[in-house]
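So you can see what is in the structure, the chains are spelled out below.
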Amino acid sequence: LCDAEVALIIFSGRGRLFEFSSSSCMYKTLEKYRSCNYNSQEATAPRESEINYQEYLKLKTRVEFLQTTQRNILGEDLGPLSMKELEQLENQIEVSLKNIRSRKNQALLDQLFDLKNKEQELQDLNKDLRKKLQEATAENALKCSWGEGGHNGASGNAIEPYQGYLQHPENDSPLQIGYYQQAYLDHLN
């Protein structure tokens, strides 16, 4: 350390300059510093730019290869390909087509399964609604017959409780559903 050169520059808070140099001239020490510092930066910069350029060339080659392959798959620029390359391309397309069809079939099967489940749920719901409708119509018919106080048998007309609810065929109504239509048909028999 005895042979080391030291240079110290100090600026005070008021802007005054103080300097110290172990050698005879501060300027020579600063020049040595600049030459060493810039040479090290210039030495590393070409290496980094060379590495970046090599990476760029690799990526450019890869993009060009992928573009050529894409054109070949689309059936373009097939002229320069050899018979072996054409066969490889054909096999690659066949494998891709199998994968696409397999995925499509799986999607259709999944959709069919979901629709069958939905159909079953709707059938179950329909069955429950029919059961509730039958219970409600039977309950209403029972209330109507009890509401007349048993006059049905006395009058000789068993269909009287249904007079307000029953749609007769001569009405030509397209809507003739449920228990009341069945009761009218039973009455006619």
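Structure first, text after, so check above.
Residues numbered from 1 in each chain as written. Predicted model: local features only at pLDDT ≥ 70, side-chain atom pairs only at ≥ 80, totals over all residues. Heavy atoms only, no water.

Draft legend 1. Looking closely at the overall build of the chain. Regarding its fold elements, the chain presents four helices and two strands. In the chain, the order of α-helices and β-strands from amino to carboxyl end is β-β-α-α-α-α. Counting over 189 residues, the chain shows a buried share of 10%. Considering only residue pairs separated by 6 or more positions, the chain has 13% of its internal contacts joining residues 24 or more positions apart. If you sum the accessible surface of the chain, you get close to 16,500 Å²; carbon and sulfur atoms cover 56% of it. (Helix = DSSP H or I, 4+ residues; strand = E, 2+ residues; numbered from the N terminus. Buried < 20%, exposed > 50% of the residue type's maximum accessible area, 1.4 Å probe, protein only. Contact = heavy atoms within 4.5 Å. Areas by Shrake-Rupley, 256 points an atom, 1.4 Å probe, with all protein chains shown as cover.)

Draft legend 2. Region of interest: the side chain of N72. As for its placement among the helices and strands, N72 is situated in helix α1 (residues 26-73). Given the relative accessible area of 10%, N72 is considered buried. The contacts of N72, once residues within four sequence positions are left out, are D77, L78, L81 and L89.

Draft legend 3. Region of interest: a nonpolar patch on the surface. A cluster of nonpolar residues, V6, L8, I10, F18 and F20, forms a patch on the protein surface that exposes about 450 Å² of accessible area. Of all elements in the fold, only β1 (7-11) and β2 (17-21) reach the threshold of two or more residues within the nonpolar patch. Mapped onto the elements, F20 comes out in strand β2. We classify F20 as partly exposed; its relative accessible area is 48%. (Patch = residues over 30% accessible without salt bridge, like charges linked within 9 Å, V, L, I, M, F, W, Y side chains within 5 Å. Salt bridge = Lys/Arg side-chain N within 4 Å of Asp/Glu carboxyl O.)

Draft legend 4. Just unusual backbone geometry, in detail. In this model, D77 sits at a positive phi of 55°, which is unusual for a non-glycine residue. Within the fold, D77 resides in the loop between α1 and α2 (83-147). Judged by its relative accessible area of 45%, D77 is partly exposed.

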